[in-house]
Amino acid sequence: MPKVALTTLGCKVNQFETETMEGLFKRAGYTVVPFEARADVYVINTCSVTSLGDRKSRQIIRRAHRENERAVIAVCGCYAQVAPEEIKAIEGVRVVLGTKERAQIVDYVECALREDGILDGVGDIMQAHTFEDIPLYDSPQRTRAFLKIEDGCENFCSYCIIPYARGPVKSRALSHIRAEAEKLVRAGFHEIVLTGIHLGAYGRDLGGEVTLADACREVLSVAGLRRLRLGSLESLELSPELFALIREDERFCAHLHLPLQAGSDAVLRAMNRHYDTAEFARLIEGVRREVPGIAISTDIIVGFPGETEEMFAESLAFVARLGFSRMHVFPYSRRTGTPAARMTDQVPEPVKKERVHRMQALAREKTTAFEQSFLGETLRVLFETRVDGVTDGLTDNYIRVYVADDLPSGTLAAVRLDRLYRDGVWGSVVRVEK
Ligand code: SF4
């Protein structure tokens, strides 16, 4: 049987898509081996969100070719979609697919195993209007399962390459979401994380009759599910229906990831984000009123073209005021083909670096303050891994909790949070749930 090795760069959506491709290969009789091993086929699911993503993708392709010069290297994902010619120019690449042809990956690879040459299956993503529905044939070995329900984005933030790589919004049918959720719960997963490129736009292409809240209800109706979490969501798309679900169903995790990107109105306008800081602050206050104790995490881009020291200082002050539980800080990355890449007032790299450090320091401070505010409380933890005599897992509001007890992966337990520890909190198990 041929051996296949797969790897993923980038986001949870990509991770999910690699898992679906892994299932397709297994069904076709392939043996899946670790990416570092010698294989007959290497599949690289690329990312293009930053120039670092592009560079890493190229490095991994070259590494696979060095491992086995005769292997078929199949490259897919966002980078392959936006720059197929760059990918084809790398030695060893035999199959290039974008973000909508992955259901056929096994056929492409088999063809490449038989014949010479490079197969280019990258199509026009702007013409893709239906969700590429690949069922999960295999259950990944984790506690939390990602379930992709949407693809594509039409927001065209001025810095972002993703709308060009993923095309318009495409939503998965509710019946298929339910079927996949049932399969995951049957496979032993306790928590499902709904993911998408523009998750809040779920349903827009289905006539606007179904929404993200409907997709959540569908998953929550699956017997045996213990937790539901949402992936990244645009703040403007929060709905009263979602709040009601989070409040009323204790399985719905009190955690929202709402990308802010900048805390200066001038920068937000230049980014083509569709809110200003006052509106964002109002939305966050509303969320906290509706669901007390909720964790709100965010993404911030620093060093966007035209960001002056004053604008950056505004961002820092705004972010400090909002007090996010966690922040992912990225330096602005120039993506060819986007409006921001053509802006003339690019910020020098050393300035970006220095701002990243300052923003990250603030992020650490705010995460600690959030975790500290729960010390002494008892929260439910879903345990995931045990390393060196310590078991760790996550609360529903995304605090990592460590305990000394030996608890199998997937255990839910009520835990008293005692003190800060590593990147989270040390706790004492009060009660293990059946
Ligand atoms: S919402 Fe903006 S940042 Fe997010 S994928 Fe769409 S264009 Fe990119």
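Anything mentioned here points back to the structure above.
For clarity, every value in this text was computed on a predicted model and none was experimentally measured. Throughout this description, residue numbers start from 1 for each chain and increase along the sequence as written. Totals for whole chains, interfaces and linings use all residues, but because this is a predicted model, local features are given only for residues with pLDDT of at least 70 and pairs of side-chain atoms are given and counted only at 80 or more. With hydrogens and water set aside, each side-chain value is computed from the structure's full complement of heavy atoms.

**Student:** What am I meant to see in the overall build of the protein here?
**Tutor:** The helix and strand tally for the protein stands at 13 helices and 18 strands. Restricting the calculation to C-alpha atoms gives the radius of gyration, and the globule rule supplies 2.2 Å times the number of residues raised to the power 0.38. Computed over the C-alpha atoms, the radius of gyration of the protein is 22 Å, within 12% of the 22 Å expected from 2.2 N^0.38 for a compact globule of 434 residues. Projecting the C-alpha coordinates of the protein onto the three principal axes gives extents of approximately 65 × 55 × 50 Å. Once local pairs closer than 6 in sequence are excluded, the contacts in the protein between residues at least 24 apart make up 71%. Just so you have it, the protein exposes about 18,400 Å², and 50% of that area is on carbon and sulfur atoms. Asp and Glu count as negative and Lys and Arg as positive, but His and the ends of the chain are not part of the count. We put the charge of a Lys on NZ, of an Arg on CZ, of an Asp on CG and of a Glu on CD. Here the protein contributes 57 positively and 62 negatively charged side chains, and the mean placements of these two sets differ by 3 Å. Here a strand is any run of E in DSSP of at least two residues, a helix any run of H or I of at least four, and the numbering for each starts at the N terminus. The contact definition used throughout considers only heavy atoms, calling two residues in contact when any of these lie within 4.5 Å. In this description, accessible areas are obtained by the Shrake-Rupley approach with a 1.4 Å probe, and a residue is regarded as covered only by the protein chains that are shown.

**Student:** I'm lost on the pattern of salt bridges in this one. Help?
**Tutor:** Close approach of charged atoms lets side chains of opposite charge pair. Any Lys or Arg side-chain nitrogen located within 4 Å of an Asp or Glu carboxyl oxygen qualifies as a salt bridge. Per the stated rule, a full pass over the model turns up 37 salt bridges. Its salt-bridge partner being Glu241, residue Arg217 comes within 2.8 Å of it at the nearest N-O pair. Taken together, the residues span a long stretch of sequence, with Arg217 in helix 8 (residues 212-220) and Glu241 in helix 9 (residues 240-248) at a distance of 24 residues. Relative accessibility thresholds used throughout: buried, under 20% of the residue-type maximum; exposed, over 50%; partly exposed, between the two (1.4 Å probe, protein chains only). On the basis of relative accessible area, Arg217 is assigned to the partly exposed category, the value being 35%. Judged by relative accessible area, which is 38%, Glu241 ranks as partly exposed. Arg251 serves as the salt-bridge partner of Asp249, at 2.8 Å between the closest nitrogen and oxygen. Connected via shared salt-bridge partners are Glu17, Arg102, Glu132, Lys148, Asp151 and Arg166.

**Student:** Is there a simple way to explain unusual backbone geometry in this structure?
**Tutor:** The general pattern is negative phi for most residues beyond glycine and trans for most peptide bonds. Positive phi outside glycine occurs at Asn272, with the angle close to 60°. Checked against the element boundaries, Asn272 lands in the loop between helix 10 (265-270) and helix 11 (277-290). On the accessibility criterion, Asn272 (30% relative accessible area) is partly exposed. Even without being a glycine, Asp388 presents a positive backbone phi close to 50°. Note on Asp388: relative accessible area 76%, which makes it exposed.

**Student:** Explanation requested: helix 11 in the structure shown.
**Tutor:** Multiplying 1.5 Å by the helix residue count minus one yields the expected span of that helix. Along its 14 residues, helix 11 runs 20 Å from first to last C-alpha, staying within 8% of the 20 Å computed at 1.5 Å per residue. Along helix 11, the residues that are buried comprise Thr277, Phe280, Ala281, Ile284, Gly286 and Val287. If you follow the buried residues of helix 11, they end up packed against helix 9, strand 11 (255-257), helix 10, strand 12 (295-302) and helix 12 (309-322).

**Student:** Teacher, can you tell me more about the sheet that holds strand 13 (residues 326-331) here?
**Tutor:** Strand-to-strand pairing in sheets goes through backbone hydrogen bonds, with the strands running parallel or antiparallel. Paired strands, as defined in this entry, are two strands with at least two bridges between them according to DSSP. Overall, parallel pairing links the three strands, which are arranged 11-12-13 in an open sheet. At either end of the open sheet lies a strand with only one pairing partner, and these are strand 11 and strand 13. Strand-to-strand, the axes of this sheet are offset by a mean angle of 15°, without reference to chain direction. Inspection of the sheet shows strand 11 paired to strand 12 by three bridges, in the parallel sense. Each residue of the ladder has a partner; that of His255, found in strand 12, is Ala295. Geometry is summarised by axes, namely lines fitted to C-alpha atoms with helices restricted to the contacting stretch, and by angles between N-to-C directions that run from 0 to 180 degrees.

**Student:** Quick question: what am I supposed to make of the nonpolar core here?
**Tutor:** Soluble globular proteins tend to bury their nonpolar side chains together. Grouped together as the largest cluster of nonpolar side chains are 77 residues, with contacts concentrated most on Ile192, Leu230 and Met359. Domain segmentation is taken from an automatic or database assignment of domains. A domain-level breakdown of this core finds at least three residues from each of domain 2 (127-253) and domain 3 (258-373). Other than its neighbours up to four places away in sequence, Leu230 contacts Val193, Leu194, Leu199, Leu212, Cys216, Leu242, Phe252 and Leu256. Buried residues of nine kinds, namely Ala, Val, Leu, Ile, Met, Phe, Trp, Tyr and Cys, make up a nonpolar core once their side-chain atoms join them within 4.5 Å. Among the nonpolar cores identified, the runner-up in size contains 21 residues, and Phe35, Tyr42, Cys47 and Ala71 belong to it.

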